[in-house]
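# Observations on the three-dimensional arrangement
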Amino acid sequence: RVLVPKHQLRKIPDGLSFAEAASLPAVSLTALYALQLAGCFPITNTMKYSNNSILIHSAAGGVGSMLVQISKILGLKPIVGVVGSSSKVNEATALGCD
């Protein structure tokens with residue numbers, strides 16, 4: 001058994017499986033950490049980018065797709081996504097790749 005404080009629990013949104021919901025924190029935090037290493041997160045008032053572009057490998061995968069979405073929210077552009085096959089181009093574009 002595992003005891004978790006009530007304030008750390010969240011309801012799983014409709015339409016997400018348990019496995020999908022369980023993966024969100026790992027994927028999101030990995031994406032945020034990558035953006036932090038790149039100097040794009042956290043946002044501060046003093047941040048002025050000379051170049052707002054970002055290149056994301058595996059843009060249609062788990063961490064890559066989260067990176068695309070967070071980069072879009074942060075206003076980075078263009079967002080250039082690299083995918084492993086032409087069948088994933090539409091997915092990366094739908095997520096926000098330019």
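The structure under discussion appears in the preceding block.
Residues numbered from 1 in each chain as written. Predicted model: local features only at pLDDT ≥ 70, side-chain atom pairs only at ≥ 80, totals over all residues. Heavy atoms only, no water.

## Concerning the pairing of strand 1 (residues 54–57)
Residues of strand 1 alternate between two faces, with Ile54 and Ile56 buried on one and Leu55 and His57 left unburied on the opposite face. Alignment of strand 1 against strand 2 (residues 79–82), held across four bridges, turns out to be parallel. Counted as the bridge partner of Leu55 is Val80 from strand 2. The handedness of the strand 1 to strand 2 crossover, carried by helix 2 (residues 62–74), is right-handed. (Buried < 20%, exposed > 50% of the residue type's maximum accessible area, 1.4 Å probe, protein only. Helix = DSSP H or I, 4+ residues; strand = E, 2+ residues; numbered from the N terminus. Pairing = 2+ DSSP bridges. Right-handed = clockwise from strand over helix to strand, strands pointing away.)

## Some remarks on the pattern of salt bridges
Applying the stated criterion across every chain yields a total of two salt bridges. Two residues, Lys11 and Asp14, come together in a salt bridge whose shortest N-O distance is 3.8 Å. Lys11 gets classed as exposed once you look at its relative accessible area, which sits at 68%. A relative accessible area of 74% places Asp14 in the exposed class. Ionic pairing is found between Asp98 and Lys72, a salt bridge with its closest N-O pair at 3.9 Å. (Salt bridge = Lys/Arg side-chain N within 4 Å of Asp/Glu carboxyl O.)

## Points about a nonpolar patch on the surface
A contiguous nonpolar patch, built from Ile12, Leu16, Phe18 and Leu24 and spanning about 360 Å² of accessible area, is present on the exposed surface. Examined against the element boundaries, Ile12 turns out to sit in the segment before helix 1 (18–37). By relative accessible area, Ile12 is classed as partly exposed at 32%. (Patch = residues over 30% accessible without salt bridge, like charges linked within 9 Å, V, L, I, M, F, W, Y side chains within 5 Å. Areas by Shrake-Rupley, 256 points an atom, 1.4 Å probe, with all protein chains shown as cover.)

Any link to function would need more than the numbers given here.
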